[in-house]
Amino acid sequence: MSTLPIALVTGATSGIGLATVQALASDHHIIALARNQQRLDDLVASLASAQAVSVDLSDAEAVAEAVGELGLERLDVLVNSAGVEAAGRLEELSVSQWRQVLDLDLVAPAQLTTLLLPALRKAHGLVVMLNSGAGTRVWPGQGLYCAAKHGLRALADALREEERGHIRVTTIYPGRTDTAMQQRLHNSGARAGSGKGGGYCASDHMQAASVAKAIRLAVDTPLDATIEDLHIRPSDLSQG
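For the structure given in this document, a descriptive report is provided here. (Residues numbered from 1 in each chain as written. Predicted model: local features only at pLDDT ≥ 70, side-chain atom pairs only at ≥ 80, totals over all residues. Heavy atoms only, no water.)

1. Quick look at unusual backbone geometry
Cut-off, in case you're wondering: Helix and strand definitions here come from DSSP, where helices need a minimum of 4 consecutive H or I residues and strands a minimum of 2 consecutive E residues; each element is numbered from the N-terminal end.
Even without being glycine, His-124 reaches a positive phi, approximately 50 degrees. Along the chain, His-124 falls in the loop between helix H4 (95-123) and strand E5 (126-130).

2. Some thoughts on the sheet that holds strand E2 (residues 29-34)
Using the following cut-off: When DSSP finds at least two bridges between two strands, those strands are taken to pair. Geometry is summarised by axes, namely lines fitted to C-alpha atoms with helices restricted to the contacting stretch, and by angles between N-to-C directions that run from 0 to 180 degrees. Between two residues, a contact is recorded if the distance between any of their heavy atoms is within 4.5 Å.
Strand order across the open sheet formed by seven strands is E3-E2-E1-E4-E5-E6-E7, with parallel pairing between neighbours. Of all the strands in the sheet, just strand E3 (50-54) and strand E7 (229-232) have a single pairing partner and so form its edges. The sheet shows a mean angle of 15 degrees between the axes of neighbouring strands, direction not considered. Pairing between strand E1 (residues 6-10) and strand E4 (residues 77-80): three bridges, direction parallel. The residue bridging Val-9 from the neighbouring strand is Val-79, located in E4. In the packing of helix H1 (residues 15-24) onto the sheet, contacts are made with E1, E2, E4, E5 and strand E6 (168-174), and the angle to E1 comes to roughly 165 degrees.

3. Things to note about the pairing of E7
Using the following cut-off: Exposure categories follow from relative accessible area, calculated using a 1.4 Å probe and restricted to protein chains: below 20% of the type maximum is buried, above 50% is exposed, and the middle band is partly exposed.
Burial of E7 is one-sided: the residues Leu-230 and Ile-232 facing one way are buried, the residues Asp-229 and His-231 facing the other way are not. In this structure, E6 lies alongside E7, joined through four bridges in parallel fashion. In the sheet register, Ile-172 faces E7, and the bridge partner there is Leu-230.

4. Looking at a negative patch on the surface
Basically, it comes down to this: Patches in this entry comprise residues that are over 30% relatively accessible and not in a salt bridge; like charges within 9 Å are linked, as are nonpolar side chains (Val, Leu, Ile, Met, Phe, Trp, Tyr) within 5 Å. For the accessible areas, the method is Shrake-Rupley and the probe is 1.4 Å, while residue cover comes only from the protein chains on display. The term salt bridge refers to a pairing of a side-chain nitrogen on Lys or Arg with a carboxyl oxygen on Asp or Glu at a separation within 4 Å. Neither His nor the chain ends is counted toward charge; the positive residues are Lys and Arg and the negative residues Asp and Glu. Charge positions come from single atoms, namely NZ of Lys, CZ of Arg, CG of Asp or CD of Glu.
Taken together, the side chains of Asp-56, Asp-59, Glu-61, Glu-65 and Glu-69 make up a negatively charged region of the molecular surface. Within the secondary structure, Glu-61 sits in helix H3 (residues 60-70). A residue is classified by how much of its surface remains accessible, and Glu-61, at 67% relative accessible area, is exposed.

5. Quick look at the pattern of salt bridges
One pass over the structure, following the stated rule, counts nine salt bridges. In this structure, Arg-164 engages Glu-228 in a salt bridge whose closest nitrogen and oxygen atoms are separated by 3.1 Å. With a gap of 64 residues between them, Arg-164 in the loop between helix H5 (143-162) and E6 and Glu-228 in the loop between helix H7 (208-220) and E7 connect regions that are remote in the sequence. Under the relative-accessibility criterion, Arg-164 is labelled partly exposed at 42%.

In structure tokens:
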């Protein structure tokens, strides 16, 4: 294992997860976790110090096995970035949709973080929970995603209090970010002001790299301080 600080990032091959990997790779050994092996291999090949872990985070047994195989004695940064959404009014949602979203967006980060706690404690490490504006408010047609993100907020708050003095916990709440998930939410009409006359406009959103810089800020904060909750929103400033 590298002598560099170690950062494990879930959802590492796309969106904010990928941007986070790129933001940390200059001075961290990256453990990139996602499902698609080919995309993981391509990503790891582009980094100076990295390894790939292909696993479905909703498969609890596979996750436990993967963490065991890593054999980490210490872990400096854990970024829980992987997530999924299911738009629709509550009466339209199936039980399988509820389980799919809650498994990946809430149960999976709870399990992974718990499994990695001994290594995080040894390093006085940082856990980053990538949340959303959906973790602080609710939109019609997005109740399931909001429920998952509200749960993730509670998970992070509980972890922070239980592990205070041992590890640090940061929740990042990004606003509109130019990702594939955001495009799906817009096209479904599940976001406020979306799907009502006008196509998706990337320039109305933050870049994933901007959110990754906020995560980097939490990582770089000296050990005697902690960023607990960080809200980042599009500035709406023209770059023209």
